[in-house]
Amino acid sequence: MPRFWIDIEDAAGNHLGSGPIITATSWESSPRLDAAGSFRFTMPASDPKSALLLRKRIARCWTERDGELVEVGAG
């Protein structure tokens, strides 16, 4: 299993594509209470799932810790 993976969702929370992005090499996010946070991740442009990355879509990063599914961040 990859150390983390990224699901792409539409505004209604539906998962898009044939599965998560597992080729991403980094994820950074900074949630903020008083304003919109920021996030970014790096993945190969050659990954066919890069076509899912459009405005108004949500990228949600996950990992597994101690057997539990943990959301790392979203944006």
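Please refer to the structure higher up on the page.
Everything numeric in this text was worked out from a predicted model, so none of it was measured.

A.B. asks: Explain the overall build of the chain to me, please; I cannot follow it from the model alone.
C.D. replies: A tally of helices and strands in the chain yields zero helices and five strands. Along the chain direction, N to C, the helices and strands of the chain fall in the order β-β-β-β-β. Computed over C-alpha atoms, the radius of gyration of the chain comes to 12 Å, within 12% of the 11 Å expected from 2.2 N^0.38 for 75 residues, which places it in the range of a compact globule. Taking the principal axes of its C-alpha atoms as reference, the chain extends roughly 35 × 35 × 25 Å. Within the chain, buried positions represent 27% of all 75 residues. The chain carries 9 positive and 10 negative side-chain charges, and their two centres are separated by 9 Å.

A.B. asks: Just checking my understanding: could you explain the packing of aromatic side chains for this structure?
C.D. replies: Aromatic ring pairs are described here by two measures, namely the spacing of the ring centres and the angle between the planes. Tallying each qualifying case throughout the model produces two aromatic pairs. For the pair Trp27 and Phe39, a centre-to-centre distance of 5.5 Å together with 25 degrees between the ring planes defines the contact as stacked. With Trp27 in strand 2 (residues 26-30) and Phe39 in strand 3 (residues 38-42), this residue pair connects regions lying twelve residues apart in the sequence. Judged by relative accessible area, Trp27 falls into the buried class, the value being 13%. Judged by its relative accessible area of 34%, Phe39 falls in the partly exposed class. Seen in terms of ring centroids, Trp27 and Phe41 are 5.7 Å apart; in terms of plane orientation they differ by 15 degrees. Their pairing is stacked. Of this pair, Trp27 sits in strand 2 while Phe41 is found in strand 3, placing the two residues 14 residues apart along the sequence.

Reading the values: rules and limits
Residues numbered from 1 in each chain as written. Predicted model: local features only at pLDDT ≥ 70, side-chain atom pairs only at ≥ 80, totals over all residues. Heavy atoms only, no water. Helix = DSSP H or I, 4+ residues; strand = E, 2+ residues; numbered from the N terminus. Rg over C-alpha atoms; globule rule 2.2 N^0.38 Å. Buried < 20%, exposed > 50% of the residue type's maximum accessible area, 1.4 Å probe, protein only. Lys, Arg positive; Asp, Glu negative; His and termini not counted. Charge placed at Lys NZ, Arg CZ, Asp CG, Glu CD. Phe/Tyr/Trp six-rings, centres within 6.5 Å; stacked < 30°, edge-to-face > 60°.

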